Amino acid sequence: MFFRRDRKPAPLTGSTQLQQLVQAHMPQADPETWQLVGAVAGLLAGVAYADRDYSAPEQLRVRQALEAVEGIAAGGVDAICTLLRERIVDIAAINPQAYTRALRELADVGLRREILELLVELAAADGELALSETDLLRRTTAALGLTQDDYVLAQSRHRDKLKTLR
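An account of the accompanying structure is given in this report. (Residues numbered from 1 in each chain as written. Predicted model: local features only at pLDDT ≥ 70, side-chain atom pairs only at ≥ 80, totals over all residues. Heavy atoms only, no water.)

### Details of the overall build of the protein chain
For the protein chain, the count of helices and strands is eight helices and zero strands. Reading the protein chain from its N end, one meets helices and strands in the order α-α-α-α-α-α-α-α. Taken over the C-alpha trace, the protein chain has a radius of gyration of 17 Å; the compact-globule value for 166 residues is 15 Å, and the two agree within 12%. Scored against the burial criterion, the 166 residues of the protein chain give a buried share of 42%. In the structure as shown, the protein chain presents an accessible area of about 9,300 Å², 52% of it carried by carbon and sulfur atoms. Distance from the positive charge centre (20 side chains) to the negative charge centre (23 side chains) of the protein chain: 7 Å. (Helix = DSSP H or I, 4+ residues; strand = E, 2+ residues; numbered from the N terminus. Rg over C-alpha atoms; globule rule 2.2 N^0.38 Å. Buried < 20%, exposed > 50% of the residue type's maximum accessible area, 1.4 Å probe, protein only. Areas by Shrake-Rupley, 256 points an atom, 1.4 Å probe, with all protein chains shown as cover. Lys, Arg positive; Asp, Glu negative; His and termini not counted. Charge placed at Lys NZ, Arg CZ, Asp CG, Glu CD.)

Following this line, the structure appears as structure tokens:
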């Protein structure tokens, strides 16, 4: 005999909520665009929280990056930014490869380089590049199918902020 227990559905992960918000606030976009934008937002969260501090300058830089995405309404940017503030730990805890896989499959090399530059700018937004951030950025570079030369070029504008050089 089987006993049935009423089970509550598991709460949505931050990553799932992020993907749902992207879809809800980009109704004209196709599924690949939703995947790309969700992956970029997930990587932004991971890099922003790599040093365990989602600072105000980083929050502003994330907002600016999302506002630059064509097709996201202002309300969508607000909703995603709110979710990131509330669930940054959960979203950042996802293995970045879950996000980079989509970018490798759907984005050309030029776009992946632009995303890497955005991630480096975000890491430097608080005035320093911590070792935890540079380690994550280097791993993300490889996971994006880019070279260490791509990383060095993206990071070169922010060399003065490298914590390890001080």
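### So, the nonpolar core
In this structure, Leu 44, Leu 103 and Leu 137 are the most contacted members of the largest nonpolar core, which totals 48 residues. If you list the elements that add at least two residues to this core, you get helix H1 (14-24), helix H2 (31-48), helix H3 (56-67), helix H4 (74-92), helix H5 (97-106), helix H6 (109-124), helix H7 (131-143) and helix H8 (148-155). The element contributing the most residues to this core is H2, with eleven residues. If we ignore the near neighbours within four places in the chain, the residues touching Leu 44 are Val 62, Ala 65, Leu 118, Leu 119 and Leu 122. (Core = buried A, V, L, I, M, F, W, Y, C linked by side-chain atoms within 4.5 Å. Contact = heavy atoms within 4.5 Å.)

### A word on the environment of Pro 96
Following the sequence through the fold, Pro 96 ends up in the loop between H4 and H5. The exposure class of Pro 96 is partly exposed, given its relative accessible area of 26%. C-alpha separation for the pair Pro 96 and Ala 39, spaced 57 residues apart in sequence, amounts to 8.8 Å. The contact partners of Pro 96, leaving out residues within four places of it in the chain, are Leu 43, Leu 136 and Thr 140.

### What about the layout of surface pockets?
What the largest pocket holds in volume is close to 350 Å³. Around the largest pocket, the lining comprises 14 residues; the ones closest to its centre are Val 37, Val 40, Val 69, Leu 111 and Ile 115. Elements with a contribution of two residues or more to the lining of the largest pocket: H2, H3 and H6. Looking at the lining of the largest pocket element by element, the count peaks at five residues for H2. Residue classes in the lining of the largest pocket are distributed as eleven nonpolar, one polar and two charged. Lining the second largest pocket are 16 residues; nearest its centre among them are Gly 46, Ala 50, Arg 52, Ala 92 and Leu 136. (1 Å grid on protein atoms, 1.4 Å probe; cavity = no way out; pocket = protein on both sides within 12 Å on 5 of 7 lines; lining within 4 Å. Points joined across faces, edges and corners; volume = space filled by probe spheres on them. Nonpolar A, V, L, I, M, F, W, Y, C, P; charged D, E, K, R; others polar.)

### Examining the side chain of His 158
Locating His 158 in the fold gives a position in the segment after H8. Filtering out sequence-adjacent residues up to four positions away, His 158 remains in contact with Val 120, Glu 121, Ala 124 and Leu 129.

### Some points on H8
Where H8 is concerned, the buried positions are Asp 150, Tyr 151, Ala 154 and Gln 155. The buried residues of H8 occupy an angular sector of 125° when the element is viewed end-on, so they sit on one face. Residues Asp 149 and Leu 153 are exposed on H8 and point more than 90 degrees away from its buried face. Close packing links the buried residues of H8 with H6 and H7. (Arc of directions from axis to C-beta.)

Just distances and angles here, no functional claims.
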